[in-house]
Amino acid sequence: MEQKSKSYQVNHLKQLESEAIYILRETAAQFEKPALLFSGGKDSIVMAWLARKAFYPAKLPFPLVHVDTGHNFPETITYRDDFVEQIKANLVVGLVQDSIDQGRVQEEKGPKASRNALQTVTLLDTIEKHGYDACLGGGRRDEEKARAKERFFSHRDEFGQWDPKNQRPELWNIFNGRKHHGEHFRVFPLSNWTEMDVWQYIKAENIPLPSLYFASERDVFTRDGVILSQTDFITMLPEEEATARKEVVRFRTIGDATCTGAVLSNAATIDDIIEEVAAARQTERGTRSDDKRSETAMEDRKKQGYF
């Protein structure tokens, strides 16, 4: 009797996972000293989770690198330390405060000052100090128009700068990691993922997340149309103090507390968040005040060396 052939169907999440793992392994194979940039946000968490899968049962062949502005949410730092311990990874922390103390950058002044832009110098100094020739990141093309221009292997010159007009073709998933001395690459395994893909993967893999992603009553105020958390890092203006209140909110993206906005939400579970994201009409970075400083804010920062 003729045996029927089995049908193997791969859903889109498995396909994205396979692509990301392939990129992670290519990075480890082509570069001498790669690193994975870890912010404690959902995308970098998924990246580290995928990396653990890609090289299991061995340990990660590269460290997790966190550029700490000193103005992070406390929940982010607590989660970072617990997560690193859970996956038994090496953690390297670059401190923006050190860059300020060394005179490498000048801290912004005024009530709307932010350290977010200062991360670029700290990141480039950390890359140079440790000799990383490739830095893996969780950037996705659906997030923002400048990130949509990135390749999987995104070339940076000897000054860490990005030229969107001078990138290499990536036909048939062939990636060229050749570089001159002093140059390095930023690598984006999640390029083809969407925010919805990330949340569905988190649900499928049961990945733990910082509490900031889930709705809870928090002390907030409104600045320039963005809901910000009340923290020790932010000085509220008199008119902003009038908007100070308790509100049930959550964060769609996690970064420096001075520029990461919250959204009104009752989504307290992964399923709630997936339903909310499906109905959203604003991108997750629409709550980031640092992206609103100019029309080309993100691209300008990336050209200077920002991730």
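Residues numbered from 1 in each chain as written. Predicted model: local features only at pLDDT ≥ 70, side-chain atom pairs only at ≥ 80, totals over all residues. Heavy atoms only, no water.

Each helix and strand counted, the protein chain has nine helices and 10 strands in total. A total of 307 residues make up the protein chain; the buried ones form 53% of that total. When the accessible area of the protein chain is evaluated, it comes to approximately 15,400 Å², of which 49% is carbon and sulfur surface. (Helix = DSSP H or I, 4+ residues; strand = E, 2+ residues; numbered from the N terminus. Buried < 20%, exposed > 50% of the residue type's maximum accessible area, 1.4 Å probe, protein only. Areas by Shrake-Rupley, 256 points an atom, 1.4 Å probe, with all protein chains shown as cover.)

Pairing in this open sheet of four strands is antiparallel, and the strands run 8-7-9-10 from one edge to the other. The open sheet is flanked by strand 8 (226-229) and strand 10 (263-264), the only strands paired with a single partner. Here strand 9 (residues 245-250) pairs with strand 10 via two bridges, running antiparallel. Residue pairing for strand 10: arginine 250 is matched across the bridge by valine 263. (Pairing = 2+ DSSP bridges.)

Looking now at the packing of aromatic side chains. Counted by the stated rule, this structure contains nine aromatic pairs. Taken together, a centroid distance of 5.3 Å and an interplanar angle of 80 degrees make the contact between tryptophan 193 and tyrosine 201 edge-to-face. Overall, the relative accessible area of 3% leaves tyrosine 201 in the buried class. By way of ring pairs, the aromatic residues Phe31, Phe153 and Phe185 are connected into one cluster. (Phe/Tyr/Trp six-rings, centres within 6.5 Å; stacked < 30°, edge-to-face > 60°.)

With that settled, the discussion passes to the side chain of lysine 42. Tracing the chain through its elements places lysine 42 in helix 2 (residues 42-55). Dropping the residues within four chain positions of it, lysine 42 is found in contact with Arg140, Glu195, Val198, Trp199, Ile202, Leu209, Tyr213, Arg252 and Glu284. (Contact = heavy atoms within 4.5 Å.)

Within the open sheet, the six strands sit side by side as 3-2-1-4-6-5. Their pairing is mixed. Both outer strands of the open sheet, strand 3 (91-95) and strand 5 (153-156), are each paired with one neighbouring strand and no more. Geometrically, the sheet is characterised by an average inter-axis angle of 30 degrees between neighbouring strands, direction not taken into account. Pairing of strand 2 (residues 64-68) with strand 3, which is carried by five bridges, proceeds in the parallel orientation. Along strand 3, the bridge assignment pairs aspartate 68 with leucine 95. Of the strands in this sheet, strand 2 and strand 3 touch helix 3 (residues 74-87), which is tilted by about 170 degrees from strand 2. (Axes fitted to C-alpha atoms, helices over the stretch in contact; angles between N-to-C directions.)

Running from N to C, helix 1 (residues 12-30) and helix 6 (residues 195-205) cross one another at 95 degrees; their axes reach a closest spacing of 11 Å. Here helix 1 lies roughly perpendicular to helix 6, going by the angle between them. Here helix 1 contributes His12, Leu13, Leu16 and Glu17 to the contact with helix 6, which in turn contributes Asp197, Gln200, Tyr201 and Glu205. Of the residues that constitute the contact of helix 1 with helix 6, the class distribution is three nonpolar, two polar and three charged. (Parallel < 35°, antiparallel > 145°, perpendicular 65-115°, else oblique. Nonpolar A, V, L, I, M, F, W, Y, C, P; charged D, E, K, R; others polar.)

Alternating positions in strand 8 separate into two faces, Val226 and Leu228 on one and Ile227 and Ser229 on the other, with burial throughout. As paired elements, strand 7 (residues 216-223) and strand 8 share four bridges and run antiparallel to each other. Looking at the pairing, valine 220 lines up with serine 229 of strand 8.

Our focus in this paragraph is helix 5 (residues 119-130). For helix 5, spanning 12 residues, the distance from its first C-alpha to its last is 16 Å, which sits close to the expected 16 Å at 1.5 Å a residue. Among the residues making up helix 5, those that are buried are Gln119, Thr120, Thr122, Leu123, Leu124, Thr126 and Ile127. One or two steps after helix 5, the chain reaches glycine 131, where phi turns positive at roughly 70 degrees. (Expected span 1.5 Å × (residues − 1).)

A few words now on the nonpolar core. One finds Val46, Leu50, Leu64, Trp193 and Trp199 to be the most contacted residues of the largest nonpolar core, which totals 58 residues. At the level of elements, helix 1, helix 2, helix 3, strand 4 (134-136), strand 6 (184-187), helix 6 and helix 8 (270-279) are the ones that each hand at least two residues to this core. Considering every element that reaches this core, the biggest residue donor is helix 2, with nine residues. Once residues lying within four places of it in the same chain are set aside, the contact partners of leucine 64 are Leu36, Phe38, Ala48, Val84, Ile87, Ala89, Asn90, Leu91 and Val92. Core analysis: the second largest hydrophobic core is formed by 13 residues, Val65, Val96, Ile127 and Cys135 among them. (Core = buried A, V, L, I, M, F, W, Y, C linked by side-chain atoms within 4.5 Å.)

All right, on to the pattern of salt bridges then. In total, this model carries 17 salt bridges according to the counting rule given. As a salt-bridge pair, lysine 112 and aspartate 224 come within 3.1 Å of each other at their nearest N and O atoms. Of the two residues, lysine 112 sits in the loop between helix 4 (96-101) and helix 5 while aspartate 224 sits in the loop between strand 7 and strand 8, which places them 112 residues apart along the sequence. A single network of salt bridges, built from pairs that share partners, joins Lys14, Glu17, Lys53 and Glu205. (Salt bridge = Lys/Arg side-chain N within 4 Å of Asp/Glu carboxyl O.)

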